[in-house]
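The lines below spell out each chain.
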Amino acid sequence: MQALASTPLPEVRELMQEIATRYADRRLGEQATKQLAALASVGKPAPPPVTLSGDLELFGLPNLLHTIHQSGMSGVLSVVNPDGKTEGTLLFNQGEYRGGQAGTVMGEEAVYQLIEKPFPGTFAFVTRNDVMQHPRATEAKDVMGLLLEGVRRYDDFQRAAAVAPDTATFKATGKAH
């Protein structure tokens, strides 16, 4: 029985289960039950990293960042536009923001840029325990503070865009006012 206990085949499991059931009141049945328990842990691969993914418009980046923070997750968040181009990569360690990049913008400004100018797209969060080994990892930043500042900047940007939208053209008048 001990020789078979490390063989994770269905036939071996069935045989052990049959012995455990048929001889439950004897030492042989007890031994089979123990071997079944040991067999349950043999040959199982490590669980894959937890991955969170979805639609940015549906979930919303501020909500997503809050969820990562509240859950104490560690890993890399990638934000992808509809064309499949990665617009930003943010690092988290135990729910704390540890750096990132959005285009050429790095650090906290990357979060602000992604919040200020939302776009349709998708996100993927891949759990990683080695985030602090990443070359762009920095000291922890308060996620709630980043979110509040990002939303404030978004509001300011929306007000400014209402006065002077991106499509507006201007001509110099030569006057100071």
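Anyway, here's the lowdown on the structure attached to this text.

Cut-off values and rules
Residues numbered from 1 in each chain as written. Predicted model: local features only at pLDDT ≥ 70, side-chain atom pairs only at ≥ 80, totals over all residues. Heavy atoms only, no water. Helix = DSSP H or I, 4+ residues; strand = E, 2+ residues; numbered from the N terminus. Contact = heavy atoms within 4.5 Å. Core = buried A, V, L, I, M, F, W, Y, C linked by side-chain atoms within 4.5 Å. Buried < 20%, exposed > 50% of the residue type's maximum accessible area, 1.4 Å probe, protein only. 1 Å grid on protein atoms, 1.4 Å probe; cavity = no way out; pocket = protein on both sides within 12 Å on 5 of 7 lines; lining within 4 Å. Points joined across faces, edges and corners; volume = space filled by probe spheres on them. Nonpolar A, V, L, I, M, F, W, Y, C, P; charged D, E, K, R; others polar. Salt bridge = Lys/Arg side-chain N within 4 Å of Asp/Glu carboxyl O. Axes fitted to C-alpha atoms, helices over the stretch in contact; angles between N-to-C directions. Parallel < 35°, antiparallel > 145°, perpendicular 65-115°, else oblique. Left-handed = near helix turned anticlockwise from the far one by under 90°. Phe/Tyr/Trp six-rings, centres within 6.5 Å; stacked < 30°, edge-to-face > 60°. Arc of directions from axis to C-beta.

**Side note on the environment of Gly95**
And then number 1: Within the secondary structure layout, Gly95 lies in the loop between β3 (86-93) and β4 (96-102).
And then number 2: Remark: the alpha-carbon pair of Gly95 and His69, spanning 26 residues in sequence, is separated by 3.9 Å.
And then number 3: Look past the residues within four positions of Gly95 in its chain and what remains in contact with it is Ile68, His69, Gly72, Met73 and Val143.

**Focus: the nonpolar core**
And then number 1: Ranked by internal contacts, the top residues of the largest apolar core, which has 22 residues, are Leu61, Leu65, Leu77, Leu90, Phe92 and Tyr97.
And then number 2: Those elements that provide at least two residues to this core are α4 (61-71), β2 (75-80), β3, β4, α5 (108-116), β6 (122-127) and α6 (143-163).
And then number 3: With five residues, α5 is the largest single contributor of residues to this core.
And then number 4: Aside from chain neighbours lying at most four places away, what touches Leu61 is Leu56, Leu77, Val79, Leu114 and Ile115.

**Points about the layout of surface pockets**
And then number 1: By volume, the largest pocket amounts to about 180 Å³.
And then number 2: Listed by contribution, the elements that provide at least two residues to the lining of the largest pocket are α3 (56-59), α4, α5 and α6.
And then number 3: In terms of residue class, the lining of the largest pocket is made up of eleven nonpolar, one polar and one charged.

**Points about the pattern of salt bridges**
And then number 1: Per the counting criterion, the structure on display carries ten salt bridges.
And then number 2: In this structure, Glu18 engages Arg22 in a salt bridge whose closest nitrogen and oxygen atoms are separated by 3.0 Å. Pair noted here: Glu18 and Arg22 are both in helix α1 (residues 10-22), with a separation of four residues, about one helical turn.
And then number 3: For Glu18, a relative accessible area of 42% translates into the label partly exposed.
And then number 4: The class of Arg22 is exposed, set by a relative accessible area of 55%.

**Side note on the packing of α5 against α6**
And then number 1: Remark: α5 packs on α6, axes separated minimally by 8 Å, with the N-to-C direction vectors making an angle of 45 degrees. Of the possible angle classes, the one that applies to α5 and α6 is oblique. The element α5 and its partner α6 pack so that their crossing is right-handed. Of the residues in α6, those touching α5 at Glu108, Glu109, Val111, Tyr112, Ile115 and Glu116 are Leu146, Leu147, Glu149, Gly150, Val151, Arg153, Tyr154, Phe157 and Gln158.
And then number 2: Residues belonging to the contact of α5 with α6 are distributed by class as follows: eight nonpolar, two polar and five charged.

**A short note on the packing of aromatic side chains**
And then number 1: The tally for this structure, following the rule as stated, stands at three aromatic pairs.
And then number 2: A ring pair is formed by Phe92 and Tyr97, whose centres lie 5.8 Å apart and whose planes are at 70 degrees; its orientation type is edge-to-face. Of the two residues examined, Phe92 and Tyr97, each falls in the buried class.
And then number 3: With a centroid separation of 6.4 Å and 55 degrees between ring planes, the pair formed by Phe92 and Phe125 is classed as tilted. You can see Phe92 sitting in strand β3 and its partner Phe125 sitting in strand β6, a full 33 residues away along the chain.

**A look at α4**
Residue pairs spaced three or four apart in an α-helix point in one direction, given the helix's 3.6 residues per turn.
And then number 1: Taken together, the buried positions of α4 are occupied by Leu61, Leu64, Leu65, Ile68 and His69. Taken end-on, α4 shows its buried residues confined to a sector of 135 degrees, consistent with a single buried face.
And then number 2: Of the residues flanking the end of α4, it is Gly72, one or two places downstream, whose phi is positive at about 65 degrees.

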